[in-house]
Amino acid sequence: GLLLKEKNHGVVLSAASLCIEMCKNNKQALEKFRKLVSSIVRMLKTLVVSGYSPEHDVSGISDPFLQVHLIRLLRVLGKNDDSASDKMNDLLAQIATNTETSKNVGNAILYECVLTIMEIKSESGLRVLAVNILGRFLLHSDKNIRYVALNSLLQCVTTDGMAIQRHRATILDCLKDPDTSILRRAMELCFALMNPTTVRGTTRELLLFMETCPPEFKGDCASGLTQTADKFSPNAKWHVETLFKVLVVGGNHIRDDSLVASLVQRISSHPELHPYSVRALYRAIRERSTYQPLAQAACWSMGEFAQYLLESDDEGHIAISEKQVVSSIEKILETRSVVKF
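To start, this report covers the structure provided alongside it. Worth saying up front: this structure is predicted, and the values here are computed from it rather than measured.

Rules used in this analysis
- By convention here, each chain's residues receive numbers from 1 onward along its written sequence.
- Per-residue local features of the predicted model are confined to residues with pLDDT of at least 70, and side-chain atom pairs are confined, for both listing and counting, to 80 or more; whole-chain, interface and lining totals are unaffected and use all residues.
- Note: side-chain values were computed over all heavy atoms of the structure, leaving out hydrogens and water.
- Secondary structure is summarised from DSSP: a helix means a run of H or I of at least four residues, a strand means a run of E of at least two, and numbering begins at the N terminus for each.
- In protein, a polar contact requires one atom able to donate a hydrogen and another able to accept it; more generally it is a pair of N or O atoms within 3.5 Å, and residues adjacent in sequence count only if both atoms are side-chain atoms.
- Sulfur atoms of two cysteines make up a disulfide when they are within 2.5 Å.
- Whether a residue is buried, partly exposed or exposed follows from its accessible area with a 1.4 Å probe, protein chains only, as a fraction of its type maximum: under 20%, in between, or over 50%, in that order.
- Axis lines are fitted through C-alpha atoms, for helices just across the contact stretch, and the angle between N-to-C directions can take any value from 0 to 180 degrees.
- Roughly parallel means an angle under 35 degrees; roughly antiparallel, over 145; roughly perpendicular, 65 to 115; everything else is oblique.
- A clockwise turn of the near helix away from the far one marks a right-handed crossing, whereas an anticlockwise turn of less than a right angle marks a left-handed crossing.
- The criterion used for residue contact is that any of the two residues' heavy atoms lie within 4.5 Å.
- Basic side-chain nitrogens of Lys or Arg form a salt bridge, by our definition, when they fall within 4 Å of a carboxyl oxygen of Asp or Glu.
- Joining through side-chain atoms within 4.5 Å is the link that ties buried Ala, Val, Leu, Ile, Met, Phe, Trp, Tyr and Cys residues into a set, and such a set is a nonpolar core.
- Expected helix span is computed as 1.5 Å times (number of residues minus one).
- Two aromatic rings from Phe, Tyr or Trp, using only the six-membered ring of Trp, form a pair when their centres are within 6.5 Å; if the ring planes differ by under 30 degrees the pair is stacked, by over 60 it is edge-to-face, and anything between is tilted.
- Here, a charge over a ring is recorded when the distance from Lys NZ or Arg CZ to the ring centre is within 6 Å and its angle to the ring normal is within 35 degrees.
- What the arc covers is the set of directions going from the helix axis to the C-beta atoms.

To continue, consider the side chain of Arg 75. Along the chain, Arg 75 falls in helix H4 (residues 64-78). At 3.0 Å, the side chain of Arg 75 and the side chain of Thr 116 are in polar contact.

Laid out in structure tokens, this is it:
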């Protein structure tokens, strides 16, 4: 505790690092240092509001290394403690609002501040401010900062989902990023934010993403779209249409049978969709007979509801003969081995 009150910044920085480790490993030390929260807050506030000091200045910010360590120490002390958290809320709001972001040192302090806000018992308005900072990070030219922001948003999506939803358009834009690590996190965050209100728009964007994304993403994207469609589908027709699109876009990158099983279950339980489903699957498989998951669904539907293929409809389907139905199934069997249900 005495070392934290030293005037030498190097000593205080070392003391803060030691305190952090002690608090993480010893409950008694944690309780003892919690009594110093007010002193640490005052010390950090002095750093934040102090003027230019050649000895400690880095890109116009007073000793960002010490600021980061003190903020990190406050995070450890404020976790699961209402009283300690209340003492640091105002200062964290000041740092989050006034820190210069044109240089990476400022972004480092802001990021540490955001992590602390998310970890302690912070006020709801302060948490919204932290999410908004991460939203601004998503627009940064530095891909590392964008990745860090996506990762942080993903970690707090269960507690701050509503605040993160306000940045949904920016998150969707990250699906166009050339960096595969950012693409992975953006895709995961899109699925985590899915709800009955956003399912239509987000699914549409993810289907577009799946058309152009690297092959290694297609399987995970198909699985995610299947799960979210099952969970948040607004109606049976939309559900079936969406799974059709996933089958077509995902092709042979679809790794499991859950999509086909979900589709079969949904079609079976809605007789009004039988004509539409078999006709749509028939049209899709004519040009994609090598897509095994699509072939499974098409063969099942033609086996169950082939009579609807023999009739024309008002949506462009022209009646075909029984011979053509059989020929379509034979073509599938020639080009791909279909797994039995």
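Moving on from the coordinates now.
This part takes up unusual backbone geometry. Even without being a glycine, Asp 63 presents a positive backbone phi close to 40°. For Asp 63, the location among the structural elements is in the loop between strand S2 (61-62) and H4. At Asn 80, a position not held by glycine, the phi torsion is positive, near 60°. Examined against the element boundaries, Asn 80 turns out to sit in the loop between H4 and helix H5 (82-98).

Another aspect to go through is the state of the cysteines. Using the criterion set out here, one finds zero disulfides in the structure. Free cysteine Cys 174: the closest other cysteine sulfur is in Cys 190, separated by 8.3 Å. The class for Cys 174 is buried, based on a relative accessible area of 5%.

The next subject is the packing of helix H3 (residues 37-49) against H4. Where H3 contacts H4, the axes come no closer than 10 Å and their chain directions differ by 155°. On the basis of their axis angle, the class for H3 and H4 is roughly antiparallel. Relative to H4, the crossing made by H3 is left-handed. Counted together, Val 37, Ile 40, Val 41, Met 43, Leu 44, Leu 47 and Val 48 of H3 and Leu 66, Gln 67, Leu 70, Ile 71, Leu 73, Leu 74 and Leu 77 of H4 form the full contact between these two elements.

Close approach of charged atoms allows side chains of opposite charge to pair. Counted by the stated rule, this structure contains 14 salt bridges. Between Arg 34 and Glu 31 there is a salt bridge, and its shortest N-O distance comes to 3.0 Å. Note that Arg 34 and Glu 31 are positioned in helix H2 (residues 27-34) at a spacing of three residues, about one turn of the helix. For Glu 31, a relative accessible area of 38% gives the class partly exposed. Asp 173 serves as the salt-bridge partner of Lys 176, at 3.9 Å between the closest nitrogen and oxygen. Overall, the relative accessible area of 65% leaves Lys 176 in the exposed class.

So, on to the nonpolar core. Of all hydrophobic cores here, the largest spans 111 residues; its most connected members are Leu 206 and Phe 209. The contacts of Phe 209, once residues within four sequence positions are left out, are Leu 175, Leu 183, Met 187, Phe 217 and Cys 221.

For the rest of this paragraph, the subject is helix H13 (residues 215-232). Across its 18 residues, H13 extends 26 Å between first and last C-alpha, which sits within 8% of the 26 Å expected from 1.5 Å per residue. Looking only at H13, the buried set comprises Phe 217, Lys 218, Gly 219, Cys 221, Ala 222, Ser 223, Gly 224, Leu 225, Thr 226, Thr 228, Ala 229 and Phe 232.

On to the packing of aromatic side chains. Applying the stated criterion to the full structure yields three aromatic pairs. Arranged with centres 5.5 Å apart and planes meeting at 90°, the rings of Trp 300 and Phe 305 form a pair that is edge-to-face. Comparing Trp 300 with Phe 305 shows no difference in burial state: the two are buried. Above the plane of the ring of Phe 217 lies Arg 184, whose end atom (NZ or CZ) is 4.4 Å from the centre.

Attention now moves to the packing of helix H14 (residues 236-250) against helix H15 (residues 258-268). Closest axis-to-axis distance for the H14/H15 pair is 10 Å, and the angle between their directions is 150°. Taken together, the axes of H14 and H15 lie roughly antiparallel to each other. Classified by chirality, the crossing of H15 by H14 is left-handed. Facing Ala 236, His 239, Val 240, Leu 243, Phe 244, Val 246 and Leu 247 of H14, the residues of H15 in contact are Leu 259, Val 260, Ser 262, Leu 263, Arg 266 and Ile 267.

Across its 13 residues, helix H8 (residues 143-155) extends 19 Å between first and last C-alpha, which sits within 8% of the 18 Å expected from 1.5 Å per residue. Along H8, the residues classified as buried are Ile 145, Arg 146, Ala 149, Leu 150, Ser 152 and Leu 153. The buried residues of H8 all sit within an arc of 165° when viewed along its axis, so they share a single face. Turned more than 90 degrees away from the buried face of H8, the exposed residues are Asn 144 and Gln 155. Those residues of H8 hidden inside the fold are in contact with helix H6 (104-119), helix H7 (124-137), helix H9 (161-165) and helix H11 (180-192). Looking at where H8 begins, the residue whose side-chain oxygen comes 2.7 Å from the main-chain nitrogen of Asn 144 is Asp 142.

Take the environment of Leu 154 next. Note on placement: Leu 154 falls in helix H8. For the pair formed by Leu 154 and Arg 204, sequence separation is 50 residues and the distance between their alpha carbons is 21 Å. Apart from the residues lying within four places of it in its own chain, the contact partners of Leu 154 are Arg 185, Glu 188, Leu 189 and Ala 192.

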